[in-house]
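Summary of the model geometry
Read off the chains here:
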Amino acid sequence: MKLSLYLTGVLLGTTLAYPGMGNLIREILKRQADDTKVQMIGDLVERATSDVGTSVESCLSGAISCQDLTPNSYVAPDLTSAACSADTCCVWNYISNDLVTLFSNSDGTCNDLARAAVRLGFHDAGAWSTTSGGGGADGSIVLSSDEINRSENNGLQAIRSQALAILSQYSSFNVGAADLVQFMHNVATITCPLGPRVLTFIGRPDQSTADPPGLLPNVSSPAEVLIQLFADKTFSSTDLVALIGAHTAAKQFFVDPALAGEPLDSTPGVWDVEFFSETLAATPPAGVFRLPSDGALAAFAETTPDFTLFGNQGTWNEAYAIAYVRMSLLGVQSINTLTDCTKVLPNAVTSFSRK
Ligand code: HEM
């Protein structure tokens, strides 16, 4: 029932943006619903007690979209004004503008720092499981020098330095590391042309001690192990395939250092769906690196159909947003008290051709 409400109502706008997506969205939500009952997280396990709590619960369960494609009409008051301090989202508008500059190439594609910000968001939030007793979207990847120096976080040091610089620049405006890391992810995905405009929340507590180890995926694990690792974080296997679609905007440097800088699809500056077809193909295009984990999921019977399903941009963006709102709130026990600041994100870029 909730899923069909979602289909008929919320998707009208995105269906127009991506013609023909209705049937495919029906398919993905059916697949998610088939998996298990949608699991709630944080204080939403008890119940939603606020508008934000209700909105997150509704988006995770498919009743409303986890994207907001409404054009940005926010006009920020002066940063140092009383009006700005009275609006939690105001300072984030300034940070958003800074990040768009930081993440954009002159031809309109997104750059290496954008790629790293997408990964940073995952590596902070994803170091959590239902039994880990700590970790998640808590900013520890920025605040803990132990955590950033773990081998799985190789390549994220430069973007962490950028995050620390932003924290320092806005230190008198109550900007936290946990929020900043997820905000950077959400600005990065939308700065990559065709990327989703994911619901964006502010108000997470920070944690400066390192997350429990061993919770991030290993590139050499078989599909079953990866699916279980993500199930332990409350994701379905369809969520997992939607999430690894982020490799549309990815390069590898450390899996095979001899091929450092090779992209994981042929268009790493664009949030398109090439990654899915190129990972399904018998061999990747010349110059494209295929991670063993991506190849394993593409070849695994349970997840192969998702690689075809996400060949539709609108379907994938919706699925990514559902999975990433969940990711961005893992380990957060106070979802009901967060503020929705999606209104300060840049507008979605729904078509792209290179300048
Ligand atoms: C099965 C799960 C996953 C595995 C095994 C995996 C593994 C990897 C590996 C090995 C790299 C290359 C790192 C390097 O050598 O520099 C990489 C890059 C990347 N990953 Fe994943 N990943 C997974 C899921 C995700 C998810 C869920 C996201 C985001 C939501 C993500 C976003 C990225 C991005 C954006 C890059 C590129 C970073 C850059 O170009 O600097 N990955 N991933």
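Residues numbered from 1 in each chain as written. Predicted model: local features only at pLDDT ≥ 70, side-chain atom pairs only at ≥ 80, totals over all residues. Heavy atoms only, no water.

In the annotation of an unreviewed UniProt entry, the entry for the protein chain reads Peroxidase, and the organism field reads Hyaloscypha variabilis.

1. Some details on the coordination of the iron atom of the ligand
Protein coordination of the iron atom of the ligand rests on one atom only, His247 (NE2), at 2.1 Å. Here His247 is to be found in the loop between α13 (237-244) and β2 (251-252). (Donors = N, O, S within 2.8 Å, 3.2 Å for Na, K, Ca; no water. Helix = DSSP H or I, 4+ residues; strand = E, 2+ residues; numbered from the N terminus.)

2. A closer look at the UniProt feature "binding site: Ca(2+) 1" (unreviewed entry) in the protein chain
Per the UniProt annotation, the sites labelled "binding site: Ca(2+) 1" (unreviewed entry) are Asp124, Gly136, Asp138 and Ser140. In summary, the annotated positions, though distributed over 17 residues, converge in three dimensions, the widest C-alpha pair being only 8.5 Å. Ignoring sequence-local partners within four residues, the contact set of Gly136 consists of Asp124, Ala125, Ala127, Trp128, Asp211 and Leu330. Within the secondary structure layout, Ser140 lies in helix α8 (residues 140-143). (UniProt positions renumbered as here; feature names shortened; annotations may be inferred. Contact = heavy atoms within 4.5 Å.)

3. Concerning the packing of helix α7 (residues 112-125) against helix α11 (residues 177-191)
Axis separation between α7 and α11 bottoms out at 8 Å; the angle between their running directions is 140 degrees. As judged from the angle between their axes, α7 and α11 are oblique. Crossing handedness for the pair α7 and α11: left-handed. Here Ala114, Ala117, Val118, Leu120, Gly121, Asp124 and Ala125 of α7 lie close against α11, whose contacting residues are Val181, Gln182, Met184, His185, Ala188 and Thr189. The residue makeup of the contact of α7 with α11, split by class, is eight nonpolar, four polar and one charged. (Axes fitted to C-alpha atoms, helices over the stretch in contact; angles between N-to-C directions. Parallel < 35°, antiparallel > 145°, perpendicular 65-115°, else oblique. Left-handed = near helix turned anticlockwise from the far one by under 90°. Nonpolar A, V, L, I, M, F, W, Y, C, P; charged D, E, K, R; others polar.)

4. A word on the nonpolar core
Within soluble globular proteins, side chains that are nonpolar generally end up buried alongside one another. Ranked by internal contacts, the top residues of the largest apolar core, which has 91 residues, are Val56, Trp92, Ile95, Phe103, Phe183, Val325 and Met327. Among the elements that make up this core, the one with the highest residue count is helix α17 (residues 313-328) (nine residues). (Core = buried A, V, L, I, M, F, W, Y, C linked by side-chain atoms within 4.5 Å. Buried < 20%, exposed > 50% of the residue type's maximum accessible area, 1.4 Å probe, protein only.)

5. A short note on the site of the ligand
The immediate surroundings of the ligand are formed by 23 residues, with His247, Lys251, Phe253, Phe254 and Tyr320 found nearest. Taking His247, its side chain carries an N or O atom lying 2.9 Å from a nitrogen atom of the ligand. Note that an oxygen atom of the ligand is positioned 3.0 Å from one of the backbone N or O atoms of Lys251. The greatest single-element share of the shell around the ligand, amounting to four residues, is contributed by α7. (Near = heavy atom within 4 Å. Polar contact = N/O pair within 3.5 Å; in protein donor to acceptor, adjacent residues only side chain to side chain.)

6. Focus: helix α6 (residues 90-103)
With 14 residues, α6 extends 20 Å from end C-alpha to end C-alpha; this agrees with the ideal 20 Å at 1.5 Å per step. Within the span of α6, buried status applies to Cys90, Val91, Trp92, Asn93, Ile95, Ser96, Leu99 and Phe103. Among the structural elements, α5 (82-86), α7, α10 (157-169), α11 and β1 (201-202) are those in contact with the buried residues of α6. (Expected span 1.5 Å × (residues − 1).)

7. Things to note about the pattern of salt bridges
Going through the model one piece at a time under the given rule, you end up with four salt bridges. Lys343 is the partner of Asp87 in a salt bridge, and the nearest nitrogen-oxygen pair spans 3.1 Å. Placement of Asp87 in the loop between α5 and α6 and of Lys343 in the segment after β4 (339-340) is noted, with a sequence separation of 256 residues between them. (Salt bridge = Lys/Arg side-chain N within 4 Å of Asp/Glu carboxyl O.)

8. Some words on unusual backbone geometry
The phi dihedral of Asn174 falls on the positive side, at around 60 degrees, and the residue is not glycine. Take Asn174: its relative accessible area is 75%, and that puts it in the exposed class. Backbone geometry places Thr234, a non-glycine residue, at a positive phi of 80 degrees.

9. Structural notes on the state of the cysteines
All chains considered together, the criterion is met by four disulfides. What pairs with Cys89 in a disulfide is Cys341, and their sulfur atoms sit 2.1 Å apart. An S-S torsion of about -85 degrees defines the bridge between Cys89 and Cys341 as left-handed. Linking Cys89 in the loop between α5 and α6 with Cys341 in the segment after β4, this pair joins segments that are 252 residues apart in sequence. Of the two residues, Cys89 and Cys341, both sit in the buried class. With a sulfur-sulfur separation of 2.1 Å, Cys110 is cross-linked through a disulfide to Cys192. One disulfide, between Cys110 and Cys192, carries an S-S torsion of 95 degrees and so falls in the right-handed class. Linking Cys110 in the loop between α6 and α7 with Cys192 in the loop between α11 and β1, this pair joins segments that are 82 residues apart in sequence. Each member of the pair, Cys110 together with Cys192, is buried. The connectivity of the disulfide-linked cysteines in the protein chain, indexed sequentially, is 1-2, 3-5, 4-8, 6-7. (Disulfide = S-S within 2.5 Å.)

10. Looking at the environment of Thr130
Mapped onto the fold, Thr130 is located in the loop between α7 and α8. For the pair Thr130 and Lys233, spaced 103 residues apart in the sequence, the C-alpha separation amounts to 5.9 Å. Apart from residues lying up to four places away in sequence, Thr130 is in contact with Asp232 and Thr234.

11. Considerations on the packing of aromatic side chains
Counted according to the given criterion, the structure contains 13 aromatic pairs. Ring geometry for Phe275 against Phe276: centres 5.4 Å apart, planes inclined by 75 degrees, an arrangement best described as edge-to-face. You can call Phe275 buried: its relative accessible area is 0%. Taking the centre distance of 5.3 Å and the plane angle of 80 degrees together, the rings of Phe276 and Trp316 count as edge-to-face. Highlighted residues: Phe276 in helix α14 (residues 274-280) and Trp316 in helix α17, separated in sequence by 40 residues. Like Trp316, Phe276 is buried. An aromatic cluster of at least three residues, connected via ring pairs, comprises Trp271, Phe275, Phe276, Phe307, Phe310, Trp316, Tyr320 and Tyr324. (Phe/Tyr/Trp six-rings, centres within 6.5 Å; stacked < 30°, edge-to-face > 60°.)

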